[in-house]
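Structural features, examined
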Amino acid sequence: MILFRKLLRTAWSYKAQFISMIIMMTLGIGIFLGFNMEWKTIEYDVGRFFDETNYADYRLYSESGFTKDEFDKIASIDGVDAATRYLSVNLEIKGEGKKSLAVDVSENYTVSTFTLMSGDEYDENGDGIWLSDKFAKLNGVKIGDSLTLEFQGVDAEVRVVGLIKAGEHMICLADSNQVMPDFNTFGFAYISPAKLREVIREKTLNTIADELTVKEQAEAALTDGMLTEATDRAFPQINLISDLGKSELEDAVKEKLGRTLMVVSKDDHTVYKEAMGEATEGKAMGSILPVLFLAIAILTMITTMHRIASKEKTQIGVLKALGFRSGTILLHYSFYGLFIGILGTALGGVLGYFVCKAVMSEGGMMGTYFDMPDWSAATPAFCYPVIAGTVLLLALISFLSVRAQLRGTAADALRPYTPKKMKKSFLEKFSLFGKMNFATKWNLRDLMRHKSRFAMTLVGIVGCMILLVGGLGMRDTMSGFLDLLDTRVSHYATKVNIVENTEREKVDRLITELDGDWESYSGISIDGYTATLDVVHNENGLFSVIDEDNKEIDLRDDGAYVCLRLADRAKIGDYIEFSPNGGNETYRVKVVGYNRSIMTESVTMTDRCADALGIKYSVSAVYTNKDSEEIPSSELISGKQDKQLLMDSFGSFVRIMDSMVLILVVAAVILGIVVLYNLGVMSYVERSRELATLKVLGFRSRKIGQLLISQNVWLTVVGVILGLPAGLGTLYWMLTALAGEYEMKLMLGPLTYSVSILLTFGVSILVGWMVARKNRKIDMVEALKNAE
Amino acid sequence: MSIVQFDNVSKIYTSGDHELHALDHVSFTLDEGKFVVILGPSGAGKSTLLNLLGGLDSPSEGTITVSGADISKLSDNELADYRASTVGFVFQFYNLIPTLTVYENVKLISEISKNALSAKEMIGRVGLLDHLNNFPAELSGGEQQRISIARALCKNPKILLCDEPTGALDSETGVMVLKLLLDMAKNYGKTIVIVTHNQNIAKMADVVIRVKNGKIRSVEEQDNPLSADEVEW
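Residues numbered from 1 in each chain as written. Chains lettered and ligands numbered in written order. Predicted model: local features only at pLDDT ≥ 70, side-chain atom pairs only at ≥ 80, totals over all residues.

All names here are of chain A. What the domain assignment reports for chain A is domain 1 (1-52 + 274-283 + 294-418), domain 2 (57-268), domain 3 (450-490 + 645-788) and domain 4 (516-624). Distance between the C-alpha centres of domain 1 and domain 3: 23 Å. Taken together, the 15 residues of domain 1 in the interface contact 19 residues of domain 3. Elements that contribute at least two residues to the side of domain 1 that touches domain 3 include exactly helix 2 (15-52) and helix 9 (270-311). The residue makeup of the side of domain 1 that touches domain 3, split by class, is seven nonpolar, six polar and two charged. (Domains from an automatic or database assignment. Contact = placed C-beta atoms within 7 Å. Helix = DSSP H or I, 4+ residues; strand = E, 2+ residues; numbered from the N terminus. Nonpolar A, V, L, I, M, F, W, Y, C, P; charged D, E, K, R; others polar.)

Residues and elements named next belong to chain A. When strand 5 (residues 129-132) meets strand 7 (residues 154-166), the two strands line up parallel, connected through four bridges. Across the sheet, Ser132 pairs through a bridge with Ile164, a residue of strand 7. In terms of strand pairing, strand 5 meets strand 8 (residues 186-191) through three bridges, oriented antiparallel. Across the sheet, residue Trp130 finds its bridge partner in strand 8, namely Tyr190. (Pairing = 2+ DSSP bridges.)

Turning our attention to the sheet that holds strand 3 (residues 35-39) of chain B. All names here are of chain B. Strand order in the open sheet made by the six strands is 6-7-8-3-9-10, with mixed pairing throughout. Either end of the sheet is taken by a strand with one partner, and the two such strands are strand 6 (87-90) and strand 10 (215-221). Between one strand axis and the next, the sheet turns through 20° on average, direction left out of account. Judged from the five bridges that link them, strand 3 and strand 8 (residues 191-196) form a sheet pairing that is parallel. Each bridged residue has a counterpart across the sheet, and for Leu39 the counterpart in strand 8 is Thr196. (Axes fitted to C-alpha atoms, helices over the stretch in contact; angles between N-to-C directions.)

This paragraph deals with the nonpolar core. Ranked by size, the top nonpolar core spans 232 residues in total, and within it Leu131(A), Val36(B), Ile38(B) and Val193(B) carry the most contacts. When residues of this core are assigned to their parent elements, the largest contribution, 18 residues, is made by helix 2 of chain A. In this structure Val36(B) touches Leu30(B), Ile192(B), Val193(B), Ala205(B), Asp206(B), Val207(B) and Ile209(B), once residues within four positions along its chain are discounted. By size, the runner-up hydrophobic cluster in this structure holds 22 residues, among which are Leu555(A), Val562(A), Cys563(A) and Tyr594(A). (Core = buried A, V, L, I, M, F, W, Y, C linked by C-beta atoms within 7 Å. Buried ≥ 20, exposed ≤ 12 C-beta atoms within 10 Å, placed from the backbone.)

This part covers the packing of helix 3 (residues 68-75) of chain A against helix 8 (residues 246-257) of chain A. Any two packed helices are characterised by how steeply their axes cross, that is the angle between the axes, and by the distance between the axes. All names here are of chain A. Where helix 3 contacts helix 8, the axes come no closer than 9 Å and their chain directions differ by 135°. Classified by the angle between their axes, helix 3 and helix 8 sit oblique to one another. Of the two elements, helix 3 crosses helix 8, and the hand of that crossing is right-handed. For the pair helix 3 and helix 8, the contacting residues are Glu70, Lys73 and Ile74 in the first and Val253, Lys256 and Leu257 in the second. A per-class count over the contact of helix 3 with helix 8 returns three nonpolar, no polar and three charged. (Parallel < 35°, antiparallel > 145°, perpendicular 65-115°, else oblique. Left-handed = near helix turned anticlockwise from the far one by under 90°.)

As a further point, take the sheet that holds strand 1 (residues 2-15) of chain B. All names here are of chain B. Within the open sheet, the four strands sit side by side as 2-1-4-5. Their pairing is antiparallel. The sheet terminates laterally at strand 2 (18-31) and strand 5 (69-70), the two strands that pair on one side only. Relative to strand 4 (residues 61-66), strand 1 runs antiparallel, the two sharing five bridges. Bridging from a neighbouring strand, Gln5 pairs with Thr65 of strand 4.

Further remarks concern the interface of chain A and chain B. With 21 residues of chain A at the contact, the number on the chain B side is 25 residues. For the side of chain A that touches chain B, the secondary-structure elements that each account for two or more residues are helix 15 (438-449), helix 20 (688-697) and helix 23 (780-783) of chain A. Looking at which element gives the most residues to the side of chain A that touches chain B, the answer is helix 15 of chain A, with six residues. The class makeup of the residues in the side of chain A that touches chain B is 10 nonpolar, three polar and eight charged.

Written as structure tokens, this is what we have:
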């Protein structure tokens, strides 16, 4: 009990060291747990939500739609557990400005369904619409309200009967250009197959009436067969739940239907891919930042415990001389490490939970990205042994530090700790050393004498720089990327998405009307690797293709451009071969350059080049400078996207980025202050006798303070020189690991360099000043009493 | 001519409710160029007296005048300047800077004193020119103390203050260091004040001040002090 009291009092006497070690452990464990909990929670929550909403394992696409007969054949494939004909189409809400919805229909309500948050249960014959609760909330829509949707020229009025969340739209993006969901302008909804049939009936009637000119005659002319045919065409997709492998399924489909279909597994479906991508990014983040913090925490612990044990040597000797067994003394001192470990782990657990929740909660960073009902907090199993191991390691560090002081007899242990004798270092071989002033020599020798302290200080400064350059550089790069998208790539006002397989003549008329440029994108396979073929016609300069240096490319017609991510597949001058998805043709084209693709992994060529190769393609989007409201809806327009709204949707992305940067900057400053202060105090205590001597000799406190700060400044200079490339390297690694889906170029502004360097110096000088201030109160008489 | 004057000086240390009178209304004067020994048992207040005279501490009451200037109410910086210009210290445990060589330890004084003497000359005077580039840890205790004396005199101070300068040395080395200290002080015309509990050193002094329980018991001037060789150690 008395020893326990001694333990507490000794800990208190080293409070600066103890507090800093507890803070480092808290940060280390907290960040380790937080980041690992984050990805585990993504896997757990997302997986549970996908299960609840019967998220499809495969999506089969047919441009001409699926007949009931074809669907039955596919559903009967061995290994297919459930299947549904599926439609997901982007529709504008009439009278609501630029707001639109992805409207889904699942014929078999056991695949690709939703979770009801409030309102009526799903009814396959229902007349209403089940609307995204998040969209409803942000747009003030309530159950019972009516919406008018524009479906390829037909106005369909629907009443909101339920508010929902759906796995298929857990990440609700209008198209592949959008990076972040924006529920203010785009949401999703489900209607029943019966309601779809009603809308298609209306559309078909209009088409017939256009031909017959009188609607009443059209009613009579419309047969069930015509309606069924139109409905079949409306389902371009079959969603499946199946454990089959992709190639197994492709073969089975080919066998059943006698033709190849484009089969997309959930791994390639945007929602699943992005969600799992987030988990993978979390794992990547979880493997570098926490390791940095934990390593610094453990190294700080080793350095500090060694110093404390050295300072406690006489006490250890007294206990030994009094008759305490070595085991008891070792146990007593091991408890310091254990105490720090347990307290640090407890606080780190709390911090980890909050870090995880800051990311994975409805109000957290992922709350703007994922739309799902339940947010939990899951911990990967391996975290428990790692944490237990860390706590035991800390106890072991204390144990070994004290064991070193316990060696020999009680009399040996009673002798005070003697620091290492000073020897000439290699630096002194240089003649320049002799010419240095007293302060520089003193500091250099001190660093050579206390190498571990020196190394730890450098690690702290380099760590601080890495976090600052990484955090601020990430923001610069992302902002630069968005700026690039806004000013160099997109020069249009509105992007008009075209319904698949629309007759070219109709599209050409629209292009002329809109005075637009256009683009066609379709899936291709390059030696089995899935990519996108991007056929462009940008003579009006409404969008641009850019090169590695972000400069606009004046596209050549005699070959294709390969994006940077595919650059290792073909050199300039080489030929590449590719086949369209679902087709048997193979095309061979010369690579004439590399381009920076903003979103997709793509092969880009002009329409003239594609025509010369005989590639069949249909226009996917038309770009125009007309405002979206000026462009009337028509049967060939599947949706309109306002560039400004798209750029605004990046705003929330930038806000998430800002909060991450803030966390990194705060972590950098805490790391810097804690590590440097701890080591600074240690350095001060170790040198207190020398400092007192200088004071006795007549050195003013200010001059001694400058001496202490100058060591910090020089270490910071070295730390910054090492930290800058380390930070850039880490940033590059983070960009590759976290944003590999984009071809980003590191773009760091002068402000980032200045702020990183100045903040690191600021932290270093602040801590140096805090430590140097102690020097004013140094007790010269006390410090000089005992022999060294 | 007096160089030091203590006038009714007290030093009180407070610890909780308890007050310790380390020095209790002490008054005395010291003449320039004299060798003074302050003698007393442990806890008598002799080190406190030396610390006040050396500007390491300030008195609770009374005034201390050194070369006509009152040092009892100086600021931290003024005290630092006083230590840099007026007094040189020699400690029981030498207090050399372990990370500086012998030469650098003495040369260090030129950083704070405009009147510093040549470091090499002073090291030559204490007979350690061969060890210029050695670190203190590579020297014996006696050698370290000789460097400490060289450093103290390098400042060219008016008064040399020594706190048990032979306390950590064997008697033979102690005598040698003592002789060197006195010779150097005499050659450079310094007032020297040694604090000790060693009665034998007192036999060599011009003036012996005996201290007990924070008070001056006696101030004794010796007309015929013994030389170090004449004292039985």
